[in-house]
Amino acid sequence: MSTKAPNPVDKYVGSRVRMRRIMLGMSQEKLGEALGLTFQQVQKYEKGTNRVGASRLQQISEILQVPVSFLFDGGPSGVKTADGFSEGASPTYVSDFLATAEGLALTRAFTRIADAKLRRSIVELVEQIAAREAAEQV
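Worth saying up front: this structure is predicted, and the values here are computed from it rather than measured.

Student: Just checking my understanding: could you explain helix α1 (residues 8-23) for this structure?
Tutor: Since the α-helix packs 3.6 residues into each turn, any two residues three or four apart lie on the same face. In a regular helix each residue adds 1.5 Å, so 16 residues correspond to 22 Å; α1 covers 22 Å between its end C-alpha atoms and thus fits that length. Its side-chain oxygen at 2.7 Å from the backbone nitrogen of V9, N7 defines the N-terminal cap of α1.

This is the structure:
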């Protein structure tokens, strides 16, 4: 039995579903109930293990209160190039980060800071910490 890697588009769409679900404070179980599925099936969608059909995508977008296009925005295109290879996947580290509880909490808190100068100082602090950590790993 061979294990096939998830398609990058399926994986990306799943990560967007997860990110939006978390943004709404919705559990996998609650989304599953709204879709008439188990939370395990929602997990498989979010990991890209199982593909989501068109009608299910429409249903998910309505439940998560976003247009279907939101689930694809910024993702890999899957367009074949002249040499037969897919176009390289766009960097997904931002959506991957936002799909985590920590990324979402940090983003929510950061956007509540009204003082632009203070926000810039926080960014500089985090950049310095990251640079120091990277230097220590060398």
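Student: Looking at this structure, how should I read the pattern of salt bridges?
Tutor: Opposite charge on two side chains permits them to pair, given that their charged atoms come into close proximity. The full count for this structure, using the stated rule, is five salt bridges. Its salt-bridge partner being E46, residue R21 comes within 2.6 Å of it at the nearest N-O pair. Remark: E46 occurs in helix α3 (residues 39-47) and R21 occurs in helix α1; sequence separation between them is 25 residues. Like R21, the residue E46 is buried in the burial classification. A salt bridge links R120 to E127; its shortest N-O distance comes to 3.6 Å. What makes R120 partly exposed here is its relative accessible area of 41%. Several salt bridges share partner residues, and in doing so they unite R18, R21 and E46 into one network.

Student: What is the right way to look at the side chain of S15 in this model?
Tutor: With respect to the element layout, S15 can be found in helix α1. Engagement of the side chain of S15 in a polar contact is seen with the backbone oxygen of Y12, the distance being 2.7 Å.

Student: In this structure, what is going on with the nonpolar core? I would like to understand it.
Tutor: Where a protein is soluble and globular, its nonpolar side chains tend to be buried together. In this structure, V17, L31, I60, L64 and L71 are the most contacted members of the largest nonpolar core, which totals 17 residues. Broken down by secondary-structure element, the contributors of at least two residues to this core are α1, α2 (28-35), α3 and α4 (54-63). Setting aside residues up to four positions removed in sequence, L71 forms contacts with Y12, V13, R16, V17, L57, I60 and S61.

Student: For this particular structure, what's the right way to read the packing of α2 against α4?
Tutor: How two helices pack is summed up by the angle between their axes together with the distance between the axes. The N-to-C vectors of α2 and α4 enclose an angle of 125°; their axes lie 10 Å apart at closest approach. Taken together, the axes of α2 and α4 lie oblique to each other. As for the relative orientation of α2 and α4, their crossing is right-handed in sense. Taking contact as the criterion, the partners of L31, A34 and L35 in α2 are, on α4, R56, Q59, I60 and I63. Each residue belonging to the contact of α2 with α4 can be placed in one class, and the counts come to five nonpolar, one polar and one charged.

Procedures and definitions
Residues numbered from 1 in each chain as written. Predicted model: local features only at pLDDT ≥ 70, side-chain atom pairs only at ≥ 80, totals over all residues. Heavy atoms only, no water. Helix = DSSP H or I, 4+ residues; strand = E, 2+ residues; numbered from the N terminus. Expected span 1.5 Å × (residues − 1). Polar contact = N/O pair within 3.5 Å; in protein donor to acceptor, adjacent residues only side chain to side chain. Salt bridge = Lys/Arg side-chain N within 4 Å of Asp/Glu carboxyl O. Buried < 20%, exposed > 50% of the residue type's maximum accessible area, 1.4 Å probe, protein only. Core = buried A, V, L, I, M, F, W, Y, C linked by side-chain atoms within 4.5 Å. Contact = heavy atoms within 4.5 Å. Axes fitted to C-alpha atoms, helices over the stretch in contact; angles between N-to-C directions. Parallel < 35°, antiparallel > 145°, perpendicular 65-115°, else oblique. Left-handed = near helix turned anticlockwise from the far one by under 90°. Nonpolar A, V, L, I, M, F, W, Y, C, P; charged D, E, K, R; others polar.

Spatial relationships are all this shows, so hold off on functional conclusions.
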